[in-house]
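Report on the structure
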Amino acid sequence: MLLFCLSVEMGSTNSTLSKIPNVEELMQETGFTPAHIVRLYDRFEALDKEKTGHLRPQDFGAINRLAMNPIGDRIIGAFFSPGQETVDFHSFVRILAHFRPADKNRPKDPSMPEPVNNRTSKLKFAFQLYDQDKDGKISRAELLQVLRSMLEMQVTEEQLESIADRTIQEADLDKDDAISFEEFRKSLEKVNIDHKMSIRFLR
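Residues numbered from 1 in each chain as written. Predicted model: local features only at pLDDT ≥ 70, side-chain atom pairs only at ≥ 80, totals over all residues. Heavy atoms only, no water.

Thoughts on the pattern of salt bridges
What the rule picks out here adds up to 9 salt bridges. Between Arg140 and Glu161 there is a salt bridge, and its shortest N-O distance comes to 3.7 Å. With Arg140 in helix H8 (residues 140–151) and Glu161 in helix H9 (residues 157–171), this residue pair connects regions lying 21 residues apart in the sequence. On the basis of relative accessibility, which here comes to 30%, the residue Glu161 falls in the partly exposed class. In this structure, the salt-bridge partner of Arg185 is Glu182, at a minimum N-O distance of 2.7 Å. Taken as a pair, Arg185 and Glu182 lie in helix H10 (residues 181–187) at a separation of 3 residues, close to a single helical turn. (Salt bridge = Lys/Arg side-chain N within 4 Å of Asp/Glu carboxyl O. Helix = DSSP H or I, 4+ residues; strand = E, 2+ residues; numbered from the N terminus. Buried < 20%, exposed > 50% of the residue type's maximum accessible area, 1.4 Å probe, protein only.)

Structure, rendered in structure tokens:
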């Protein structure tokens, strides 16, 4: 009976995978297992109410963990390139791969591109959540916007401004009153980015 159940489950997984173009390349690029891909495909299909094969920003509203996140709108916006109004399954999976813990046991192959969920890619993804005007720097105003979203009900505006000023002062090595990506990366050298960037999306 156990073997029968296993074979049925495997058959279902293979059937779903066969619907996804270039699925092997997608798994190689993102590090997701076949089981993960199938679960993400099921989630994508559930969010795609109109069965168009694409998601719009408003479709992400059904994800409770994003809807309740103070910067959920920014995370949702990161799924879409400038001027892009929809996202397909492959792009959906690539973005979610940023939230997958890095595979420390994955063998390094110089001929293969770096996985999407490497530390630098994760930091670049986090950086763009702050850098809303895409000028390559986090300004004091941009930092304040994020702090207000996350802490507004807990601290005063004066305290928020003090936190923003102190953060920029500590990270801004070239003293241009903004934080570049390299400064952002250096300021987070000792931070466990895998722990900080996680969405329990596969459950």
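Quick notes on the nonpolar core
Judged by nonpolar contacts, the single largest core of 51 residues is most densely connected at Ile37, Phe60, Phe79, Phe89, Phe92, Val93 and Phe184. It is helix H3 (residues 34–47) that contributes the most residues to this core, 6 residues altogether. In this view, Phe89 contacts Ile20, Leu26, Ile37, Leu40, Tyr41, Phe44 and Gly53; residues no more than four positions away in its chain are not counted. (Core = buried A, V, L, I, M, F, W, Y, C linked by side-chain atoms within 4.5 Å. Contact = heavy atoms within 4.5 Å.)

Re H8
Over its 12 residues, H8 runs 16 Å from end to end, which matches the ideal 16 Å to within 8%, given 1.5 Å per residue. Within the sequence span of H8, burial applies to Glu142, Leu143, Leu144, Val146 and Leu147. Check the buried side of H8 and you find it contacts helix H5 (72–77), helix H7 (119–130), strand E1 (137–139) and H9. (Expected span 1.5 Å × (residues − 1).)

Some words on the UniProt feature "domain: EF-hand" (unreviewed entry) in the chain
Here the UniProt-annotated "domain: EF-hand" (unreviewed entry) positions come out as residues 118–153 and 159–194. Between the first and last C-alpha atoms of residues 118–153 the distance is 34 Å; the span itself is 67% helix and 8% strand. Summarising residues 159–194: 61% helix, 8% strand, and an end-to-end C-alpha distance of 28 Å. (UniProt positions renumbered as here; feature names shortened; annotations may be inferred.)

Describing the layout of surface pockets
Put simply, the largest pocket is a space of about 990 Å³. Every residue lining the largest pocket is counted, 33 residues in all, and those nearest its centre are Ala126, Tyr130, Met150, Phe184 and Lys196. Going through the elements one at a time, helix H4 (64–67), H5, H7, H8, H9, H10 and helix H11 (193–196) are the ones with two or more residues in the lining of the largest pocket. Considering only residue class, the lining of the largest pocket consists of 24 nonpolar, 4 polar and 5 charged. (1 Å grid on protein atoms, 1.4 Å probe; cavity = no way out; pocket = protein on both sides within 12 Å on 5 of 7 lines; lining within 4 Å. Points joined across faces, edges and corners; volume = space filled by probe spheres on them. Nonpolar A, V, L, I, M, F, W, Y, C, P; charged D, E, K, R; others polar.)

Comments concerning unusual backbone geometry
Its identity is not glycine, yet Lys51 carries a phi of approximately 55 degrees, on the positive side. Locating Lys51 in the fold gives a position in the loop between H3 and H4. One non-glycine residue, Lys134, lies in the positive phi region at around 60 degrees. Structurally, Lys134 can be placed in the loop between H7 and E1.

Some points on the packing of helix H2 (residues 23–30) against helix H6 (residues 89–96)
The N-to-C vectors of H2 and H6 enclose an angle of 15 degrees; their axes lie 10 Å apart at closest approach. In this view, H2 runs roughly parallel relative to H6, as classed from their interaxial angle. Crossing hand, H2 versus H6: right-handed. Residues Leu26, Glu29 and Thr30 of H2 pack against Phe89, His90, Val93 and Arg94 of H6. For the contact of H2 with H6, the per-class residue count stands at 3 nonpolar, 2 polar and 2 charged. (Axes fitted to C-alpha atoms, helices over the stretch in contact; angles between N-to-C directions. Parallel < 35°, antiparallel > 145°, perpendicular 65-115°, else oblique. Left-handed = near helix turned anticlockwise from the far one by under 90°.)

Focus on H2
Every buried residue belonging to H2 is among Val23, Leu26, Met27 and Thr30, and all of these are buried. Buried residues along H2 cover an arc of 95 degrees about the axis, so they all sit on one side. A positive backbone phi angle near 80 degrees is found at Gly31, which sits one or two residues after H2. (Arc of directions from axis to C-beta.)

Brief notes about the packing of aromatic side chains
Following the criterion strictly, the structure yields 12 aromatic pairs and no others. Ring geometry for Phe60 and Phe92: centres 6.2 Å apart, planes at 50 degrees, overall tilted. Taken together, the residues Phe60 in the loop between H3 and H4 and Phe92 in helix H6 connect sequence positions 32 residues apart. The residues Phe60 and Phe92 share a single accessibility class, namely buried. Every member of this aromatic cluster is reached through a ring pair, and the members are Tyr41, Phe44, Phe60, Phe79, Phe80, Phe89 and Phe92. Of note, Arg100 hangs over the ring of Phe32, and the distance from its end group to the ring centre comes to 5.8 Å. (Phe/Tyr/Trp six-rings, centres within 6.5 Å; stacked < 30°, edge-to-face > 60°. Lys NZ or Arg CZ within 6 Å of the ring centre and 35° of its normal.)

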